[in-house]
Amino acid sequence: MVKREALQELQKRIANRLQQVEVHAGLTASWLGVRLGQQKVLLPLQQSGEIHAVNAYQRLPYTKPWFIGVTALRSHIYGVIELSAFLMQTSENTATPESPGTKQRLIAVNDAFGVNAVLRVDELEGLRAQEFFVRSEPAPANAPDYYGSIFYDAHNVSWHEINLQALLCTPQFLEIADKPEQQNALNYDPAPDTTYPS
């Protein structure tokens, strides 16, 4: 109960901050900034959903290492993805995921996508507007389709934009199974006295 109230208060503060950015500063926040290890990442606000505390989850057999398992949120079942681990699988420049910590959060993708998935991140960095950055550059030519531009703040810290809509359409993201048929075949040991119907 205490965690739920604290999380609701956090979401209220984020909403209030968003209004302050738009009304008082004349800016419009475009992203939710998060930390994955030492890497800073930008998730588009329009593609993101609710923020949740990290709940207990049920691991599933024969799934990829970055698919942590499933968890119950608001009476619905969601798949939990370790975002840093998935990005590390597809990019050489992403930090190794951290061990579970109190600052970690689950970020749901927008309900409009019709996908019950939440992304586990190491820490929230707050809202970010275009004006927060001093320069940007396109993603490397060989980067996956869901990699957007790379932005740099006044301290020359890089922030990588991740297009969640493109991420959800990525074949690797949709294939959570870790080839169980191959593992079953390797482990199959028929009894020597097996008989078959004639």
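Residues numbered from 1 in each chain as written. Predicted model: local features only at pLDDT ≥ 70, side-chain atom pairs only at ≥ 80, totals over all residues. Heavy atoms only, no water.

J.: Explain the overall build of the protein here, please?
T.: The helix and strand tally for the protein stands at 5 helices and 11 strands. Counting over 198 residues, the protein shows a buried share of 39%. Contacts spanning at least 24 positions in sequence make up 57% of the contacts within the protein whose residues lie at least 6 apart. For the protein, the accessible surface area stands at approximately 12000 Å², while carbon and sulfur atoms represent 51% of it. (Helix = DSSP H or I, 4+ residues; strand = E, 2+ residues; numbered from the N terminus. Buried < 20%, exposed > 50% of the residue type's maximum accessible area, 1.4 Å probe, protein only. Contact = heavy atoms within 4.5 Å. Areas by Shrake-Rupley, 256 points an atom, 1.4 Å probe, with all protein chains shown as cover.)

J.: Would you explain the environment of Q172 in this entry?
T.: Following the sequence through the fold, Q172 ends up in helix α4 (residues 171-174). A C-alpha to C-alpha distance of 9.8 Å links Q172 and K64, two positions 108 residues apart in sequence. Aside from chain neighbours lying at most four places away, what touches Q172 is W66, F86 and Q89.

J.: Can you help me understand the sheet that holds strand β9 (residues 133-137) in this one?
T.: Strands pair in a sheet through their backbones, by hydrogen bonds, and they do so in one of two ways: parallel or antiparallel. Within the open sheet, the 6 strands sit side by side as β8-β1-β2-β11-β10-β9. Their pairing is mixed. The sheet is open, and its two borders are formed by β8 (123-129) and β9, each paired with just one other strand. Neighbouring strand axes in the sheet, compared pairwise and without regard to direction, differ in orientation by 30° on average. The sheet contact formed by β9 and strand β10 (residues 147-153) spans 4 bridges and is antiparallel. When the bridges of β10 are listed, E137 appears paired with I150. (Pairing = 2+ DSSP bridges. Axes fitted to C-alpha atoms, helices over the stretch in contact; angles between N-to-C directions.)

J.: What is the right way to read the side chain of Q47 from this model?
T.: Positionally, Q47 belongs in the loop between β2 (39-44) and β3 (48-53). Judged by relative accessible area, Q47 falls into the buried class, the value being 13%. Not counting chain neighbours up to four residues away, the residues in contact with Q47 comprise V109, N110, F113, N163, L164 and Q165.

J.: How should I be thinking about the pattern of salt bridges in this particular structure?
T.: Taken as a whole and assessed by the stated rule, the structure comprises 5 salt bridges. One salt bridge in this structure joins E123 and K103, with 3.7 Å as the shortest N-O distance. One end of the pair, E123, is in strand β8; the other, K103, is in the loop between α2 (83-90) and β6 (105-109), and 20 residues separate them in sequence. (Salt bridge = Lys/Arg side-chain N within 4 Å of Asp/Glu carboxyl O.)

J.: Could you clarify how one ought to interpret the nonpolar core in this entry?
T.: Judged by nonpolar contacts, the single largest core of 28 residues is most densely connected at V34, L43, I81, L83, F86, L87 and I162. The set of elements that each furnish at least two residues to this core consists of β1 (29-36), β2, α2, β6, β7 (117-121), β8 and α3 (164-168). With residues near it in sequence (within four places) discarded, L83 still touches L36, L43, L119, R120, V121 and L167. In this structure, I68, Y78, L106 and V118 belong to the second largest nonpolar core, which totals 7 residues. (Core = buried A, V, L, I, M, F, W, Y, C linked by side-chain atoms within 4.5 Å.)

J.: Looking at this structure, I do not really get the packing of aromatic side chains. What am I missing?
T.: The description of an aromatic ring pair rests on the distance of the ring centres and on the angle between the ring planes. Going through the model one piece at a time under the given rule, you end up with 11 aromatic pairs. Taken together, a centroid distance of 4.9 Å and an interplanar angle of 55° make the contact between W31 and F151 tilted. Here W31 is found in strand β1, whereas its partner F151 is found in strand β10, with 120 residues between them in sequence. Of the two residues examined, W31 and F151, each falls in the buried class. For the pair F133 and F151, a centre-to-centre distance of 5.2 Å together with 40° between the ring planes defines the contact as tilted. Highlighted residues: F133 in strand β9 and F151 in strand β10, separated in sequence by 18 residues. The class of F151 is buried, set by a relative accessible area of 5%. Of the aromatic side chains, those joined through ring pairs into one cluster are W31, F132, F133, F151 and W159. Between R128 and the ring centre of F132, over which it is positioned, the NZ or CZ distance is 4.3 Å. (Phe/Tyr/Trp six-rings, centres within 6.5 Å; stacked < 30°, edge-to-face > 60°. Lys NZ or Arg CZ within 6 Å of the ring centre and 35° of its normal.)

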